[in-house]
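# Report on the structure
So the chains spell out like this:
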Amino acid sequence: MKRIVVLGAAESGAGAAVLAQKEGFDVFVSDMGTIKDRYKKLLDDHQIEWEEGHHTEEKILNADEIIKSPGIPDEAPMIQKIIAKGIHIISEIEFAGRYTNSKMICITGSNGKTTTTSLIYHIFKEAGYDVGLAGNIGNSLALQVAETPHEYYVIELSSFQLDNMYDFRANVAILMNITPDHLDRYQNCMQNYVDAKMRIIQNQQPEDAFIYWNDDPIIRKELKKYDIKAIQLPFSELKEKGSIAYIEEGQYKIEKPTPFNMEQEELSLTGKHNIYNSLAAGIASDVAGIKKEVIRKSLSDFPGVEHRLEYVTTVRGVRYVNDSKATNVDACWYALESMKTKTILIIGGKDKGNDYNAIKDLVLEKCAGLVYLGADNTKLHNFFDPLGLPVRDTHSMKECMEACYEMAEPGMTVLLSPCCASFDLFKNMEDRGEQFKSLARAL
């Protein structure tokens, strides 16, 4: 009996363990942290052996294959020992893909992937398709394959997941954009990060589809290096040579596979970045044969994604907007670009090698003040203080919201769009957003 060891026992790891056991492997799960009770119960219910708070080497280094949580870096001591021993490391998505013939609609990119993934899932559900939501959002793909299989899966893929994918095939691959992000995980080398993102097209066949943003200079440069077998379906903000979907004279248009159009003002999602998200989702749905009237209705009634430009409340004439998912500079750029009022911007957290020059002009144009929110705000002070805007230094969400309340005037917007990861002060991005919303509503 082959032995599978799963490192990390959150959503992806616990699901992978259940699938591995179902497929007849000897399974062991190890997590350096504390395993949540619901995942302990899942493992116990399936009589899968697990440990938490440490790694037992003799129980790990005898594996035939390792399924690694995407959150564990290659530099982790145990990973280095596994690599030294030559044990193959894969992702949960790679493993799950071995045991299903379902159609895979896969979305990656530095920004917009969660909204696009959620929008595609919404359209497929409205069309009555048998579809599961997986990857960075939704439930574990492996657990769904094991226990609640679907005909289609819509999967959000991070660069970390793509790193450990080898034979997995995306029937529809969507690449939203590539901008600097997670460079701390890629030896501060942009090309390493780019190469990870481009892995989404590996293994595609001529009957598959590759949807991508035609205006992205990095994507256009990279495409010249690849022999792409899939049908290419590029989109852009405006009609240009080669793009099959775009906005023209206030019309949302898709030329193929099936021509489709609707009024831009009917789209439920607003802002330039959401035009791209809506175009990509529309093409993917068109490829899947979903009827035009369903696509049109779904694009107009999609409610949006939590923690992504989420309106929270208005207090004393000041709007509070939660964009906690903006964990890189480019995401913050899109958020600022969509602001229609003077803005108090909350920025900061665990820096990932950020270059803030990309938002400098927008900060000067849109912001009435900046509130730094991080354990160490030195880099923010060094870059933004010379711009001459009012700034406040805070180290908790409570301090941050008090500062915003004092700085913001009626007619302004307080925008949480931090550019950074959340792990210096918060459990995760969701925790940061929930604290922001709770304190804003309590003002």
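Let me sum up the structure you'll find in this document.

Reading the values: rules and limits
Residues numbered from 1 in each chain as written. Predicted model: local features only at pLDDT ≥ 70, side-chain atom pairs only at ≥ 80, totals over all residues. Heavy atoms only, no water. Pairing = 2+ DSSP bridges. Helix = DSSP H or I, 4+ residues; strand = E, 2+ residues; numbered from the N terminus. Axes fitted to C-alpha atoms, helices over the stretch in contact; angles between N-to-C directions. 1 Å grid on protein atoms, 1.4 Å probe; cavity = no way out; pocket = protein on both sides within 12 Å on 5 of 7 lines; lining within 4 Å. Points joined across faces, edges and corners; volume = space filled by probe spheres on them. Nonpolar A, V, L, I, M, F, W, Y, C, P; charged D, E, K, R; others polar. Phe/Tyr/Trp six-rings, centres within 6.5 Å; stacked < 30°, edge-to-face > 60°. Buried < 20%, exposed > 50% of the residue type's maximum accessible area, 1.4 Å probe, protein only.

Bringing the sheet that holds strand E1 (residues 3-7) into the picture now. Strands pair in a sheet through their backbones, by hydrogen bonds, and they do so in one of two ways: parallel or antiparallel. Spatially, E3-E2-E1-E4-E5 is the arrangement adopted by the five strands of the open sheet, whose pairing is parallel. If you trace the sheet from one side to the other, it starts and ends with strand E3 (49-52) and strand E5 (88-90), each paired once. Neighbouring strand axes in the sheet, compared pairwise and without regard to direction, differ in orientation by 20° on average. Two elements, strand E2 (residues 26-31) and E3, share four bridges in a ladder whose sense is parallel. In the strand pairing of E3, Ser30 is matched with Glu51.

A volume near 460 Å³ is recorded for the second largest pocket. In this structure, the second largest pocket is lined by 23 residues; those nearest its centre are Thr270, Asn274, Leu309, Glu310 and Tyr311. Counting only elements with at least two residues in the lining of the second largest pocket, the list comes to helix H11 (272-287), strand E15 (310-315) and strand E16 (318-322). When grouped by side-chain class, the residues that make up the lining of the second largest pocket number eight nonpolar, 10 polar and five charged.

The subject of this paragraph is the sheet that holds strand E12 (residues 245-248). The sheet built from nine strands is open, its strands ordered E7-E8-E6-E9-E10-E11-E12-E13-E14 with mixed pairing. Only two strands of the sheet have a single partner each, and these edge strands are strand E7 (131-135) and strand E14 (260-263). Recorded for the sheet is a direction-independent mean angle of 15° between the axes of neighbouring strands.

The next subject is the packing of aromatic side chains. Aromatic ring pairs: the centre-centre distance and the angle between the two ring planes describe each pair. Taken as a whole and assessed by the stated rule, the structure comprises 14 aromatic pairs. Here Phe95 and Tyr99 contribute two aromatic rings whose centre-to-centre distance is 5.3 Å and whose plane-to-plane angle is 65°, an arrangement assigned as edge-to-face. Since its relative accessible area comes to 0%, Phe95 is described here as buried. Of the residues examined, Tyr99 reaches a relative accessible area of 29% and is grouped as partly exposed. A connected cluster of aromatic rings, assembled from ring pairs, spans Trp213, Tyr276, Trp333 and Tyr334.

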